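Listed below are the residues making up each chain.
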Amino acid sequence: LRRLRSPRGPWFQFRDMTSFEWNTYELMIHNLPAALTGFRILQIADVHCRNYWTPSYDVLIDRVRAIPPDVILFSGDIVEDKHNPTPALPIIRRFINAQKSRLGLFAVRGNHDIHLSQPSFVGTPYRLIDAQRILLNSHGAQLELIGLPGPERETLHDDFLTTIPPRQTHIPRI
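In what follows, the accompanying structure is described. Every chain is numbered independently, its residues counted from 1 as its sequence is written. Reporting of local features is limited, given that this is a predicted model, to residues whose pLDDT is at least 70; pairs of side-chain atoms are given and counted only at 80 or more, and all residues count toward the totals for whole chains, interfaces and linings. As a rule here, side-chain values come from all non-hydrogen atoms in the structure, and water together with hydrogens is ignored.

Thoughts on the overall build of the protein chain
So, point 1. The secondary structure content of the protein chain amounts to 3 helices and 8 strands.
So, point 2. Counting from the amino terminus, helix and strand elements in the protein chain follow one another as β-β-β-α-β-α-β-β-β-β-α.
So, point 3. Residue-level accessible areas treat just the shown protein chains as cover; the underlying method is Shrake-Rupley with a 1.4 Å probe. Of the roughly 10,100 Å² of accessible surface on the protein chain, 55% is carried by carbon and sulfur atoms. Comment: elements are numbered from the N terminus, with helices defined as DSSP H or I runs of at least four residues and strands as E runs of at least two.

See the structure below:
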């Protein structure tokens, strides 16, 4: 693991997202298929969208468009209001529809996303993968995504874990 650059954003924000933190890492993965050399993964977390657009979303969108990733992974808390995400849905859809990646946008829910499900994202490229295993194909190689179920970790049960096959050495797993 090697950090390439790290323009730091604020470590704490309250009420409004005024900036974000962008970190870039180069991962050395043993037995990585040659077809995945240079593969770019963008992880987006804790956007906490509300019912209004903030200029920092535009900055993030422009940055992603400048160097498009191969895949985008949302790792939870895309919405702020845990109890009623409905007012934020137009902003969330606008934000998601502005994101582009070669192989798609995949997400798991965070604790703020309890009331969000796949129908909330109809008409967007966002794919919720709670309790799913996905194999992506890239130039003849595969990448495995495992979306752990539910926004609350109590929903992770052995019955889902037993459906996950043993890891294959030639397929990286996330």
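Describing the sheet that holds strand β6 (residues 126–128)
So, point 1. The parallel open sheet is built from 4 strands, whose spatial order is β3-β4-β5-β6. At either end of the open sheet lies a strand with only one pairing partner, and these are β3 (41–44) and β6. The mean inter-strand angle of the sheet, taken between neighbouring strand axes irrespective of direction, is 25°.
So, point 2. The pairing of strand β5 (residues 105–107) with β6 spans 3 bridges and is parallel. Two strands pair under a simple rule: DSSP has to find at least two bridges between them. Lines fitted to C-alpha atoms define the axes here, with helix axes fitted over just the stretch in contact, and angles between the N-to-C directions of these axes take values from 0 to 180 degrees.

Observations regarding the pairing of strand β8 (residues 141–147)
So, point 1. The element β8 is extensively covered by neighbouring structure, given that 6 of its 7 residues are classed as buried.
So, point 2. Here strand β7 (residues 132–138) runs beside β8; their pairing, made up of 7 bridges, is antiparallel. Pairing of L135 across the sheet is with E144, part of β8.
So, point 3. Counting the residues in the hairpin turn of β7 and β8 gives 2 residues, including H139, whose phi is positive at 55°. The buried label applies to any residue whose accessible area, calculated with a 1.4 Å probe on protein chains only, is under 20% of its type's maximum; exposed applies above 50%, and partly exposed to all values in between.

Comments concerning the nonpolar core
So, point 1. With 28 residues, the main nonpolar core has F74, I92, F95 and I96 as its most contacted residues.
So, point 2. Secondary-structure elements contributing two or more residues to this core are β3, α1 (55–66), β4 (71–74), α2 (89–97), β5 and β6.
So, point 3. Here this core gets 5 residues from one element, more than from any other, and that element is α2.
So, point 4. Setting aside chain neighbours within four positions, we find I96 in contact with F74, I78, L105, F121, T124, P125 and Y126.
So, point 5. If you look at the next biggest cluster of nonpolar residues, it comprises 11 residues, including L36, F106, I134 and A141. For the purposes of this section, nonpolar cores are sets of buried Ala, Val, Leu, Ile, Met, Phe, Trp, Tyr and Cys residues that join through side-chain atoms within 4.5 Å. Should any heavy atoms of two residues lie within 4.5 Å, those residues are considered in contact.

As for the packing of aromatic side chains
So, point 1. Here is the rule: rings of Phe, Tyr and Trp (six-membered ring for Trp) pair when centre to centre is within 6.5 Å. Planes less than 30 degrees apart are stacked, more than 60 are edge-to-face, and the remainder are tilted. Overall, the coordinates contain 5 aromatic pairs when judged by the stated rule.
So, point 2. Judged by centre distance (6.5 Å) and plane angle (75°), the rings of F74 and F95 are edge-to-face. Taken as a pair, F74 in strand β4 and F95 in helix α2 lie far apart in primary sequence, 21 residues in all.
So, point 3. An aromatic cluster is built from W53, Y57, F74, F95, F121 and Y126, whose rings are joined through pairwise contacts.
So, point 4. Directly above the aromatic system of W53 lies the positively charged group of R94, at a separation of 3.7 Å from the ring centroid. Counted as over-ring charges are cases with an Arg CZ or a Lys NZ within 6 Å of the ring centre that also lie within 35 degrees of the ring normal.

A look at a nonpolar patch on the surface
So, point 1. The patches reported here contain residues having more than 30% relative accessible area and no salt bridge. Joining distances are 9 Å for like charges and 5 Å for nonpolar side chains (Val, Leu, Ile, Met, Phe, Trp, Tyr). Whenever a carboxyl oxygen of Asp or Glu lies within 4 Å of a side-chain nitrogen of Lys or Arg, that contact is scored as a salt bridge. The grouping of Y25, L27 and I29 at the surface amounts to a nonpolar patch, some 290 Å² of accessible area in total.
So, point 2. Relative to the elements of secondary structure, I29 occurs in the loop between β2 (24–26) and β3.

Things to note about unusual backbone geometry
Across the chain, the bulk of peptide bonds are trans and the bulk of non-glycine residues have phi less than zero.
So, point 1. With a phi angle near 55°, D46 is a residue other than glycine that sits in the positive phi range.
So, point 2. In this fold, D46 is placed in the loop between β3 and α1.
So, point 3. One non-glycine residue, H139, lies in the positive phi region at around 55°.
So, point 4. Residue position: H139 is located in the loop between β7 and β8.
So, point 5. You can call H139 exposed: its relative accessible area is 62%.

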